[in-house]
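Next come the chains, spelled out residue by residue.
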Amino acid sequence: MDQMANSAVIGRPGASAVEVDAGADAGFRSIRSIERAMAVVELLAGSPRLTVAQVARASGLPRTTAYRVLRTLTLVGFASEWSETGTYGPGPRLIQIGHRSDPRQRLVEAVRPVARALGQKLRWPVALASVVGAEVVVLYSTDNESPLAIDPQRPGVRLPVLESAAGLLHLAYATESERALCLELVQDRAGVPPGPAARAAQAAMQQKLAGIRAQGYAVFEREGRLTARRSIAAPVMGSQGMLGSLVVRFAASAIRSRDEMARMIAAVRTAAADVKQV
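Just so you know, the residues in each chain are numbered from 1, in the order the chain's sequence is written. Under the rules for a predicted model, residues below a pLDDT of 70 receive no local features and side-chain atom pairs below 80 are neither given nor counted, while totals for whole chains, interfaces and linings still include all residues. Excluded from the side-chain calculations are hydrogens and water; all other atoms, namely the structure's heavy atoms, are used.

Caption draft 1: Highlighting the pattern of salt bridges. Whenever a carboxyl oxygen of Asp or Glu lies within 4 Å of a side-chain nitrogen of Lys or Arg, that contact is scored as a salt bridge. Within this structure, the stated rule accounts for six salt bridges. Note that arginine 71 is salt-bridged to glutamate 81, the shortest N-O span being 2.8 Å. One end of the pair, arginine 71, is in helix 3 (residues 63-75); the other, glutamate 81, is in strand 2 (residues 79-82), with 10 residues separating them in the sequence. What makes glutamate 81 partly exposed here is its relative accessible area of 36%. Linking glutamate 109 and arginine 112 is a salt bridge whose minimum nitrogen-to-oxygen distance equals 2.7 Å. Taken as a pair, glutamate 109 and arginine 112 lie in helix 5 (residues 103-122) at a separation of three residues, close to a single helical turn. Since its relative accessible area comes to 42%, glutamate 109 is described here as partly exposed. Here the term buried applies to any residue with accessible area under 20% of the maximum for its type, exposed to any over 50%, and partly exposed to those in between, with areas from a 1.4 Å probe on protein chains only. Given a relative accessible area of 28%, arginine 112 falls into the partly exposed group. Numbering of helices and strands starts at the N terminus; helices are DSSP runs of H or I of at least 4 residues and strands are runs of E of at least 2.

Set out below in structure tokens:
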């Protein structure tokens, strides 16, 4: 009988160790301390600053365990501590590993030809965006190629997650724990105290995000100096889920009819679906 190759399976934080293979390895059990550490590392990699309480809630670990894991990761260079704010973020060793094989750069290379073709077709600027913590980060844009670029957004520009189509789309496709953590970060930054009002706001946002997920795209509009700015975001999907958002920005006054808007949405969604697997 052929021997099966080993495959590591990381269980949910707080869950008991899981058996990872059959046959000769049927008795193997994963190491819970490593599972816990990796769950926290994943959180740190996706968020700029987190408190011990936020890590505990997002990972499902007891607060004391989350604190010990964070302190250990800090000692070995995988986490950094900001004692003045009581927060933790990626450490130098984690950043170095990320830079060696940055999936975002591979994503940019895959999206670039699709974004340029869409920009040439629509003439409006097209961008690729991702989310870090509670902010949207522009990874690539065709603003320098578009004759209609309004308020140019170059790579590196950051936007509040709830004030962009890409941010709303990301939250709609995020896991429940990721979404809750992001909304908590937003409320913390806005100084919204925990309580009934905060819970009601989160419930309303959850309903809005469910609608976005169901339709498969997000639209956001904000006021401008002369005309409102509107953006449409469609998900760029990979084997592991949503990788980023393909976004087109335009003047709201330029697209007035429902048919025009429907054609714009269809063009963005088709382009996002055409991105080759990264």
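Caption draft 2: How the structure looks around the environment of isoleucine 212. By secondary structure assignment, the location of isoleucine 212 is in helix 8 (residues 196-215). Sequence separation between isoleucine 212 and alanine 172 is 40 residues, and the spatial gap between their C-alpha atoms is 6.2 Å.

Caption draft 3: Highlighting helix 8. Expected span of a helix: the number of residues minus one, times 1.5 Å. Along its 20 residues, helix 8 runs 29 Å from first to last C-alpha, staying within 8% of the 28 Å computed at 1.5 Å per residue. The set of residues buried in helix 8 consists of Ala198, Met205, Leu209 and Ile212. Viewed along the axis of helix 8, the buried residues span an arc of 50 degrees, placing them on a single side of the element. Looking at helix 8, the residues exposed on the side facing more than 90 degrees away from the buried face are Pro196, Arg199, Gln207 and Ala214. Backbone geometry just downstream of helix 8 places glycine 216 in the positive-phi region, at approximately 85 degrees. Relevant arc is that of directions from the helix axis to the C-beta atoms, nothing else.

Caption draft 4: The arrangement of the nonpolar core in detail. By nonpolar core is meant a set of buried Ala, Val, Leu, Ile, Met, Phe, Trp, Tyr and Cys residues that side-chain atoms within 4.5 Å join together. Of all hydrophobic cores here, the largest spans 43 residues; its most connected members are Val40, Leu44 and Leu73. Put simply, the parts of the chain that give this core at least two residues each are helix 1 (32-46), helix 2 (52-59), helix 3, strand 4 (126-132), helix 6 (165-173), helix 7 (176-190), helix 8 and strand 7 (218-222). Contacts are residue-level and defined by heavy atoms, with any inter-residue pair within 4.5 Å sufficient. The residues touching leucine 73, leaving out its near neighbours within four places in the chain, are Ala37, Val40, Val41, Leu44, Phe78 and Ala79. In this structure, Val108, Val114, Trp124 and Val248 belong to the second largest nonpolar core, which totals 31 residues.

Caption draft 5: Summary view of the sheet that holds strand 6 (residues 158-160). Strands pair, by our definition, only if DSSP identifies at least two bridges between them. What the six strands build is an open sheet, ordered 6-5-4-9-8-7; its pairing is antiparallel. The outermost strands of the open sheet, each flanked by one partner alone, are strand 6 and strand 7. The average undirected angle you get between the axes of adjacent strands in this sheet is 35 degrees. Bridge analysis of strand 7 against strand 8 (residues 229-238) gives five bridges, and the strand direction is antiparallel. Each bridged residue has a counterpart across the sheet, and for arginine 222 the counterpart in strand 8 is arginine 229. Axes here refer to lines fitted to C-alpha atoms; in helices the fit is confined to the stretch in contact. Angles between the N-to-C directions go from 0 to 180 degrees. Strands strand 4, strand 5 (135-141), strand 7, strand 8 and strand 9 (241-251) of the sheet are contacted by helix 6, whose axis makes an angle of about 35 degrees with strand 8. Here helix 9 (residues 258-274) sits on the sheet and contacts strand 7, strand 8 and strand 9; the angle it forms with strand 8, its principal contact strand, is near 30 degrees.

Caption draft 6: Summary view of the sheet that holds strand 1 (residues 50-51). Read from one edge of the open sheet, three strands run 1-3-2, paired in antiparallel fashion. Either end of the sheet is taken by a strand with one partner, and the two such strands are strand 1 and strand 2. Alignment of strand 1 against strand 3 (residues 87-90), held across two bridges, turns out to be antiparallel. Its bridge partner lying in strand 3, threonine 51 is registered against threonine 87. Running over the sheet, helix 3 touches strand 2 and strand 3 and is turned about 110 degrees from strand 2.

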